[in-house]
2 protein chains.
Amino acid sequence: MSTEPLAASTHEFDRQTAVRPLPGTAPDAPAGRYAAALTGGWSVGGGVNGGFQLGVVGAAVRAHLPAHSDPVSISAHYLSAGTDGPAEVEVDLERVGRLATVRARLMQGGATRIAAIGTFGDLAAAHEAAAGDERLTATPPDLPAPERCPGPEHTPPQMLEIAPMMERFEMRFDPACAGFAVGAPSGQGRLSAWFRFRDGREPDTLSLLTALDVLPPVTFDLGRPGWAPTLSLTAHVRRRPAPGWLRITQATRHLAGGMFEEDCEVWDADDHLVAQARQLALVPR
Amino acid sequence: MSTEPLAASTHEFDRQTAVRPLPGTAPDAPAGRYAAALTGGWSVGGGVNGGFQLGVVGAAVRAHLPAHSDPVSISAHYLSAGTDGPAEVEVDLERVGRLATVRARLMQGGATRIAAIGTFGDLAAAHEAAAGDERLTATPPDLPAPERCPGPEHTPPQMLEIAPMMERFEMRFDPACAGFAVGAPSGQGRLSAWFRFRDGREPDTLSLLTALDVLPPVTFDLGRPGWAPTLSLTAHVRRRPAPGWLRITQATRHLAGGMFEEDCEVWDADDHLVAQARQLALVPR
């Protein structure tokens, strides 16, 4: 890593997403600017993973709005590829109440990486206020136990070279859709996997932003490997996740005009649907 | 209507979404400001429909970027209720290339109604460039013919009082989920309907933005009528629609913490999936 950590923490992800207010920035002010960094440790195919970048944006907003620590809904448009090195996040408040809406921009050297709008709040309070009022018809992906799913021990070394971010976490693929790794994609347009950080950091609503964009592009399962640049991604975080493994599943139902949508769900160890995302991405060349 | 039309057109929707550049605004400049109006003719439950407002935002961006007339992906966060009267749309360019990304804000009297980020382009050119490369596993809603679906002739007068926007279009509900209108919701969490403008205006990529948010909240089908304020809505327009009826279907799979997601699809007369949206909304009280 070429960048100095901005905060000390037991866990890597917290150090990597740490931000520091720039001079003149105070929490809850109408605008703020935060020093951050994008680490090459989260790079994939030459750029820094979009989900990690979204985590950095979320960390800056959380720093700016201490009473609104959960990213309830955040929409990011990806404008240029993030690279290893320092970054800055600008935060501008649009509205503050029970929920707070902000505009945010992740910049590197004058170039905008991400332009985002997010609504943040307190999901623990929201669930407490609406306790018992729940209806869930979505179902979690049906994955074999983690030890029966291929993981890092099967990752080819050339994959790690292309995707150093794979060293940050343990990802264990559903065998039903792991064929892409050996040139035999299922063709279903779906990928599912277990996910947890390597160093034991438990998930929270910030790391869910990253988890929503860590699987390979779902086009891998259609026999179309290669980089699928995200145009935009909207993340909805629905609940604070329980400790333990996450299950991530994503699918596409429509590829046309050189673009495809990718719907992602993250489920926690308590079988709660904790986050959803939809992105629009470019079909790999 | 208390507002003067900003442009003459054969069709109501075009007059209602017309914008006029404010002094000093030139197309393609880094920033622009457009005079617009929100008409009470699109109001519902005291506010102006969010899909119509998104159409106004789209019209301003289209006016500002003549070569990027299709809203490929637009994310809007709704900050306050729009009311009948003049409005202004600010457009700020973030990036312009084959695709263009803008920030936009819909304002009324100093209050922000919508803060949005959108990526616009030319969907006809995109489909031409990727001709033949399509994969669609989503399926259109299975609706009886329009004449067999209950429509305006069954709309109770008190509904029209609450929702004057119902007079703008002909909406014919799938009988399988039309029970909400007579106090017998299906409980499935799905609503589907035929949709077209009353005055014969054909759909285009601008009106699709509106079509993505014209059905009643899907919570009606869960026996929970009432206003469900949209927190954020992300629209993906996938293709220029064919003339004729649209079919709109929307569903929720997760209501919790006082919020629910609503996934919407719009299909055109040629059985193309032309637009998708996901919104996060507050559960009606």
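Chain A carries the name Thioesterase family protein in an unreviewed UniProt entry, which gives Nocardioides bruguierae as its organism.

Draft legend 1. Examining the overall build of chain A more closely. Scanning chain A from terminus to terminus reveals five helices and 16 strands. Its C-alpha atoms put chain A at 55 × 45 × 40 Å along the principal axes. Summarising the internal contacts of chain A: among those between residues at least 6 apart in sequence, 70% fall at separations of at least 24. Element-wise, carbon and sulfur atoms account for 53% of the exposed surface of chain A, whose accessible area totals about 10,600 Å². The averaged location of the 33 negative side-chain charges in chain A is 4 Å from the averaged location of its 25 positive side-chain charges.

Draft legend 2. Summary view of the environment of Leu38(B). Tracing the sequence through the fold places Leu38(B) in strand S2 (residues 31–38). In sequence terms Leu38(B) and Gln53(B) are 15 residues apart; their C-alpha atoms lie 7.1 Å from each other.

Draft legend 3. Layout of the relation of the copies chain A and chain B. Expressed as a screw transformation, the operator carrying chain A onto chain B has a rotation angle of 180° and an axial translation of 0.0 Å, and the superposed copies differ by an RMSD of 0.0 Å. Within this description, the copies of the chain are treated as partners about a two-fold rotation axis. Using C-alpha coordinates, one finds that chain A approaches the rotation axis most closely at Ser75(A), a distance of 3.2 Å. Mapped onto chain B, 100% of the interface residues of chain A are again interface residues, and the two copies thus contact each other with one and the same surface.

Draft legend 4. Summary view of the interface of chain A and chain B. Taken together, the contact pairs 60 residues of chain A with 60 residues of chain B. Both faces considered, chain A and chain B share a buried interface measuring about 5,100 Å² in area, 49% of it formed by carbon and sulfur atoms. On the chain A side of the interface with chain B, the three residues burying the most area are Arg135(A), Arg253(A) and His254(A), jointly 15% of the side's total. Across the chain A-chain B interface, the total number found is ten salt bridges. With its nearest N and O atoms 2.8 Å apart, the salt bridge here joins Glu94(A) to Arg105(B). Summed over the shared surface of chain A and chain B, the result is 34 residue pairs in polar contact (both at pLDDT 80 or more).

Draft legend 5. Quick peek at helix H2 (residues 50–64) of chain A. Here H2(A) is 15 residues long and its end C-alpha atoms lie 21 Å apart, about the 21 Å a rise of 1.5 Å per residue gives. The distance from a side-chain oxygen at the start of H2(A) to the backbone nitrogen of Gly51(A) is 3.0 Å, and the residue carrying that oxygen is Asn49(A).

Draft legend 6. Structural context of the pairing of strand S10 (residues 169–173) of chain B. Residues and elements named next belong to chain B. Most of S10 is tucked away, with five of its five residues classed as buried. Alignment of S10 against strand S11 (residues 190–197), held across five bridges, turns out to be antiparallel. Within the sheet, the bridge partner assigned to Arg172 lies in S11 and is Trp194.

Draft legend 7. Structural detail: the UniProt feature "domain: Acyl-CoA thioesterase-like C-terminal" (unreviewed entry) in chain A. Here the UniProt feature "domain: Acyl-CoA thioesterase-like C-terminal" (unreviewed entry) sits at residues 146–283 of chain A. Taken end to end, residues 146–283 of chain A has its terminal C-alpha atoms 30 Å apart, with 9% of it in helix and 36% in strand.

Draft legend 8. Geometry of the confidence of the model for chain A. Taken over all residues, the pLDDT of chain A has a mean of 95, while the share at 70 or more is 97%. Below pLDDT 50 for its whole length, residues 1–5 of chain A participates in eight contacts with residues either more than four positions away or in separate chains.

Draft legend 9. Fine view of the environment of Asp204(A). Mapped onto the fold, Asp204(A) is located in the loop between strand S11 (190–197) and helix H5 (205–211). In sequence terms Asp204(A) and Pro140(A) are 64 residues apart; their C-alpha atoms lie 19 Å from each other.

Draft legend 10. Expanded view of unusual backbone geometry. Not every positive phi belongs to a glycine, and Asp28(A) is a case in point at roughly 70°. Its location among the elements puts Asp28(A) in the loop between strand S1 (20–21) and strand S2 (31–38).

Draft legend 11. Representation of the packing of aromatic side chains within the structure. Residues and elements named next belong to chain A. In the structure shown here, the tally under the stated rule is 20 aromatic pairs over all chains. Geometrically, the ring pair formed by Phe180 and Phe220 is edge-to-face, given 5.6 Å between the ring centres and 75° between the ring planes. With Phe180 in the loop between strand S10 (169–173) and S11 and Phe220 in the loop between H5 and strand S12 (230–237), this residue pair connects regions lying 40 residues apart in the sequence. Per residue, the accessibility class of Phe180 equals that of Phe220, and both read buried. The rings of Phe13, Trp42, Phe52, Phe169, Phe195 and Phe197 are connected pair by pair, giving a single aromatic cluster.

About the thresholds
Residues numbered from 1 in each chain as written. Chains lettered and ligands numbered in written order. Predicted model: local features only at pLDDT ≥ 70, side-chain atom pairs only at ≥ 80, totals over all residues. Heavy atoms only, no water. Helix = DSSP H or I, 4+ residues; strand = E, 2+ residues; numbered from the N terminus. Contact = heavy atoms within 4.5 Å. Areas by Shrake-Rupley, 256 points an atom, 1.4 Å probe, with all protein chains shown as cover. Lys, Arg positive; Asp, Glu negative; His and termini not counted. Charge placed at Lys NZ, Arg CZ, Asp CG, Glu CD. Least-squares fit on C-alpha atoms with pLDDT ≥ 70 in both. Buried area = accessible area lost by both parts, 1.4 Å probe. Salt bridge = Lys/Arg side-chain N within 4 Å of Asp/Glu carboxyl O. Polar contact = N/O pair within 3.5 Å; in protein donor to acceptor, adjacent residues only side chain to side chain. Expected span 1.5 Å × (residues − 1). Buried < 20%, exposed > 50% of the residue type's maximum accessible area, 1.4 Å probe, protein only. Pairing = 2+ DSSP bridges. UniProt positions renumbered as here; feature names shortened; annotations may be inferred. pLDDT = per-residue confidence, 0-100. Phe/Tyr/Trp six-rings, centres within 6.5 Å; stacked < 30°, edge-to-face > 60°.

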